[in-house]
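One-letter residues, chain by chain:
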Amino acid sequence: MFLYVLSRIARALITVALIITLAFVILRMTGDPATIILGPDAPPEAYEAFRRNWGLDQPLFIQYLSYFAAILKGDLGQSMRDGRAALDVVMERVPLTLLLTVPALLFNLVIGITAGIFAALNRNSWIDRAIMTASVTGFTVPSFVMGLVLALIFAVKLKVLPSGGSETWQHTILPSVTMGLIGAAIIARFTRSAMLEVLGQPYIRTASAKGLNWTDVVIQHALPNAAIPTLTIIGFMIGSLVAGAVVVESIFSWPGVGRLLVGAVANRDLAVVQVILILIGFTMVLANLIVDLAYGVIDPRLRHSTPAK
Amino acid sequence: MTHSGKQTIFKPKQQDFLIDVRGLTVDFDIGNHYVRALHGVDLSIRRGETLGVVGESGCGKSITWLAVLGLLGGGAKVSGSARFDGQELVGLTPRQLTAFRGGRIALIFQDPASALNPVHRIGRQIAEALRLHRGLTGKAAKEEARRLLDRVGISNAAQRLNEYPHELSGGMNQRVMIAMALAGEPDLLIADEPTTALDATIQAQILDLLRDLQAETHMAMALISHDLGVIADMADRVSVMYAGRVIEEASAEALFERPAHPYTRGLIGALPDIDGPRHRLEAIPGAVPAPSALPPGCAFSDRCSHVETICHKGPPILGLVGGEDDHSAACVRLDAIEDQELNLASQPSKLVHQRAGLQEGVEA
Ligand SMILES: Nc1ncnc2c1ncn2[C@@H]1O[C@H](COP(=O)(O)OP(=O)(O)O)[C@@H](O)[C@H]1O
Ligand SMILES: [Mg+2]
């Protein structure tokens, strides 16, 4: 168990380092921040000064090393726009994004897992078909379409909810539901197939043959086993919440990390974009680490390092 | 001696039987229509008796017993009758059947490793059966589970209770399955290919264990196997199944000495020689037809070397084999083929050797 935990943590750390590197490479390869920040008409000396100021005149490799060293010291650079620490700029938006994503996550887990289990238990019935049709619709429709349709119905037509902004708690409903519905669609599908897989296993028949009634067979012998593959996709969902917020926050003019990212990319505010990319990567890695550790708790086969005799 | 006996339908006395299956049929829903996989199976077992059920893979041996206990799921339609100790099981609700499952009728399966739930400890899985059928919980259940593991020959029983199936070998897991089956103190144990997934030495040990337990508890047993060696070793009576029907039924002795049906003769002819390599000889060419692709008439007709036009007329029913009152077979050409020598003279002794061979395995 100890070795298992250790190896998962090591893997997570390596992934974070790779993400940090990738953020650097992508941003330095896609255009000159000096031109974008100062505009095309600035005098050459201004460019020079800007580059020197931000270390952009150094060779790329040196830039990378000093960037990495700074991150290790907890210094993630300053916003090129207003000179404030990039980390602060991003962090003050994080709670706003959590305000959307946490309800969205709860919504998609509760709805998605329940729907998936019911679909599997009623395989090929109309319940199954209805749930799966809704699920396919849910994840083939792009999130901006889903968001716009919901806004059209509830804000424009029915006028029961605001279409954008962040003044009241009602403003969180449409963006959360948009994200939640899409997540629920994905979770439902995975839960269903995990359940079907498990329900076909010989140990389910053993449990029935033992005299357990069907409800107990499902609760004691199918759900714990189906949770194992479902966890993977839940980890993935948690990891992609911040990334998913980008589109939804833009549609509903919600001032969270997602909209900050859109603005920072447009302005080539390197440090801010970097911090957000690292934050997204970090959430993904953390979510996967938690999932890996949870696996160890649920699945005894992973917990024991000794192979079967 | 008249041979008209085979026209008489074999009809044993009902009251002797612990379980009496009559005309059991199973139809599977395969999307737009049903396919019949069991065509009226008759089987019966007396108290304390071991019935061997033999036949190639796909003949319907497993689904017969799964159908009796209502374990085939919603896609299967079961009809016919299965009286267990006077109580009709076919048509009971799932809730009524749970009282029989794992209690008076216990099952063990072919692949013990996948028949146990990988995420639960062995002790918990046995305790579940003890709670359901004997009302034992907590310490009492744990103590009884330990005793059962001990009884089925698992050393370190107390420690094993806390282990998971993947930490045990296949043979050990089958012992756990047997312990779980014993938890309900069954009158009937259905052992579905209990040793097929195990190697020869372990196989012999498990069979010995079953024999001992049976002597001790007087439970009846349905031993399903495609291995005639195992059947010869264990069974009092034998039912031979082919393509969803019982095609021959007799005492083990009669069946191995005087097999009547060409299929049974083929199976016995296919027994590997104990001195030779241990692989199955291909004595019957071809394979069991799928339930959806049965030939007209006798299902065995397309593989039978004695086939005549009459065989395609309709499926033959079980009739007494000439001169015997406890031996029946479903073949319209019994009279014609009876006298043909199938080199069976040496078979009984071959089986005796095989039995000896299995016993040696235990000591080794
Ligand atoms: N759930 C099912 N749906 C459709 N056909 C099935 C199902 N289960 C078993 N069968 C078919 O029923 C026949 C008998 O199966 P089974 O009893 O498992 O054979 P065996 O004699 O090897 O135990 C086989 O042809 C098998 O394909
Ligand atoms: Mg079988």
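Residues numbered from 1 in each chain as written. Chains lettered and ligands numbered in written order. Predicted model: local features only at pLDDT ≥ 70, side-chain atom pairs only at ≥ 80, totals over all residues. Heavy atoms only, no water.

Novice: What's the story with the overall build of chain B in this structure? I'm lost.
Specialist: When helices and strands are tallied, chain B shows 13 helices and 12 strands. Look at the contacts in chain B between residues 6 or more apart in sequence, and 67% of them connect residues 24 or more apart. Of the accessible surface of chain B, which amounts to about 15,300 Å², a share of 51% is contributed by carbon and sulfur atoms. (Helix = DSSP H or I, 4+ residues; strand = E, 2+ residues; numbered from the N terminus. Contact = heavy atoms within 4.5 Å. Areas by Shrake-Rupley, 256 points an atom, 1.4 Å probe, with all protein chains shown as cover.)

Novice: Can you help me understand the packing of aromatic side chains in this one?
Specialist: We describe a pair of aromatic rings using the distance from one ring centre to the other and the angle between the two ring planes. Across all of its chains, the model carries 8 aromatic pairs over all chains by this definition. Residues Tyr242 of chain B and Phe300 of chain B carry aromatic rings whose centres are separated by 5.1 Å and whose planes lie at 80° to one another, so their mutual orientation is edge-to-face. Taken together, the residues span a long stretch of sequence, with Tyr242 of chain B in strand β9 (residues 237-242) and Phe300 of chain B in the loop between α11 (262-269) and β11 (319-320) at a distance of 58 residues. Assessed through its relative accessible area of 2%, Tyr242 of chain B is described here as buried. Judged by relative accessible area, Phe300 of chain B falls into the buried class, the value being 4%. Summarising the aromatic geometry, the rings of Tyr263 of chain B and Phe300 of chain B are spaced 5.2 Å apart at their centres and angled 65° between planes, so their arrangement reads as edge-to-face. Of the two residues, Tyr263 of chain B is situated in helix α11 and Phe300 of chain B in the loop between α11 and β11; the sequence distance between them amounts to 37 residues. The class for Tyr263 of chain B is buried, based on a relative accessible area of 0%. Put simply, the rings of Phe24, Tyr64, Tyr67 and Phe68 of chain A pair up and form one aromatic cluster. (Phe/Tyr/Trp six-rings, centres within 6.5 Å; stacked < 30°, edge-to-face > 60°. Buried < 20%, exposed > 50% of the residue type's maximum accessible area, 1.4 Å probe, protein only.)

Novice: How should I be thinking about the interface of chain A and chain B in this particular structure?
Specialist: Size of an interface: often given as the accessible area lost when the parts come together. Counting residues at the interface gives 22 residues for chain A and 30 residues for chain B. For the pair chain A and chain B, the two sides together bury roughly 2,400 Å², of which 57% comes from carbon and sulfur. Across the salt bridge formed by Glu128 of chain B and Lys210 of chain A, the nearest N and O atoms sit 2.6 Å from each other. Along the contact surface separating chain A from chain B lie 12 residue pairs in polar contact (both at pLDDT 80 or more). (Buried area = accessible area lost by both parts, 1.4 Å probe. Salt bridge = Lys/Arg side-chain N within 4 Å of Asp/Glu carboxyl O. Polar contact = N/O pair within 3.5 Å; in protein donor to acceptor, adjacent residues only side chain to side chain.)

Novice: Before we go on, may I ask you to explain helix α7 (residues 126-140) of chain A in this structure?
Specialist: Note that an α-helix has 3.6 residues per turn; residues three or four places apart therefore point the same way. Residue and element names in this part refer to chain A. Here α7 is 15 residues long and its end C-alpha atoms lie 21 Å apart, about the 21 Å a rise of 1.5 Å per residue gives. Of all the positions in α7, only Asp128, Ile131, Met132, Ser135 and Gly138 are classed as buried. With its buried residues spanning 120° around the axis, α7 presents them on a single face. More than 90 degrees from the buried face of α7, the exposed residues found are Trp126, Arg129, Thr133 and Thr140. Lining the buried residues of α7 we find α6 (94-121), α8 (143-157) and α9 (170-199). (Expected span 1.5 Å × (residues − 1). Arc of directions from axis to C-beta.)

Novice: Looking at this model, I keep getting lost on the sheet that holds strand β4 (residues 76-84) of chain B. Mind explaining?
Specialist: What holds strands together in a sheet is hydrogen bonding between their backbones, with the strands either parallel or antiparallel. All names here are of chain B. Strand order in the open sheet formed by 4 strands is β2-β1-β4-β5, with antiparallel pairing between adjacent strands. Sheet topology places β2 (34-46) and β5 (87-88) at the edges, where each strand pairs with a single neighbour. Here 10 bridges tie strand β1 (residues 17-29) to β2, and the two strands are oriented antiparallel to one another. Opposite Thr25, over in β2, you have His39 as the bridge partner. Sheet strands in contact with helix α1 (residues 61-68) are β1, β2 and β4, and its direction is about 105° off that of β1. (Pairing = 2+ DSSP bridges. Axes fitted to C-alpha atoms, helices over the stretch in contact; angles between N-to-C directions.)

Novice: Looking at this model, I keep getting lost on the sheet that holds strand β12 (residues 327-329) of chain B. Mind explaining?
Specialist: All names here are of chain B. The 8 strands lie next to each other as β6-β7-β8-β3-β9-β10-β12-β11, forming an open sheet whose pairing is mixed. The open sheet terminates on both sides in strands that have one partner only, identified here as β6 (105-108) and β11. With 2 bridges joining them, β11 and β12 adopt antiparallel strand pairing. By the bridge assignment for β12, Leu320 is matched with Ser328. Strands in contact with α1 are β3 (50-54), β6, β7 (188-192), β8 (220-225) and β9; relative to β8, the strand with the most contacts, it is inclined by about 145°.

Novice: What exactly am I supposed to notice about the pairing of β7 of chain B here?
Specialist: Here is the key point about a regular strand: its side chains alternate between the two faces of the sheet. Residues and elements named next belong to chain B. Of all 5 residues that make up β7, 5 are buried, and the element is covered over most of its length. Of the pairings in the sheet, the one linking β6 to β7 comprises 4 bridges and is parallel in character. Within β7, the residue paired with Ile105 across the bridge is Leu188. Taken together, β7, helix α8 (residues 200-217) and β8 constitute a β-α-β crossover, and its handedness is right-handed. (Right-handed = clockwise from strand over helix to strand, strands pointing away.)

Novice: Got a minute to help me understand the site of ligand 1 in this structure?
Specialist: Residues and elements named next belong to chain B. The local shell around ligand 1 consists of Phe28, Ala37, Glu56, Ser57, Gly58, Cys59, Gly60, Lys61, Ser62, Ile63 and Pro291. A distance of 3.1 Å separates an oxygen atom of ligand 1 from a polar atom in the backbone of Cys59. Between ligand 1 and the protein, one listed contact pairs an oxygen atom with a backbone N or O atom of Ile63 at 2.9 Å. Starting from 560 Å² of accessible surface for ligand 1 in isolation, the protein chains cover 64%. Top contributing element to the shell around ligand 1 by residue count: α1, with 3 residues. (Near = heavy atom within 4 Å.)

Novice: Teacher, can you tell me more about the packing of α7 of chain A against α9 of chain A here?
Specialist: The geometry of a pair of packed helices is captured by two quantities: the angle between their axes and the separation between those axes. All names here are of chain A. The interhelical angle for the contact between α7 and α9, taken along N-to-C directions, is 130°, at an axis separation of 8 Å. Classified by the angle their axes make, α7 and α9 are oblique. Handedness of the α7/α9 crossing: left-handed. Counted together, Asp128, Met132, Ser135, Val136, Gly138 and Phe139 of α7 and Ile182, Ala185, Ile186, Ala188, Arg189 and Arg192 of α9 form the full contact between these two elements. Residues that form the contact of α7 with α9 fall into these classes: 7 nonpolar, 2 polar and 3 charged. (Parallel < 35°, antiparallel > 145°, perpendicular 65-115°, else oblique. Left-handed = near helix turned anticlockwise from the far one by under 90°. Nonpolar A, V, L, I, M, F, W, Y, C, P; charged D, E, K, R; others polar.)

Novice: How should the packing of α6 of chain A against helix α12 (residues 241-251) of chain A be read in this particular structure?
Specialist: Residues and elements named next belong to chain A. Contact geometry of α6 with α12 gives a least axis separation of 10 Å together with a crossing angle of 110°. When the axis of α6 is compared with that of α12, the two are roughly perpendicular. Here the hand of the crossing between α6 and α12 comes out right-handed. Here Thr97, Leu100, Thr101 and Leu105 of α6 lie close against α12, whose contacting residues are Leu241, Ala245 and Glu249. Split by residue class, the contact of α6 with α12 holds 4 nonpolar, 2 polar and 1 charged.

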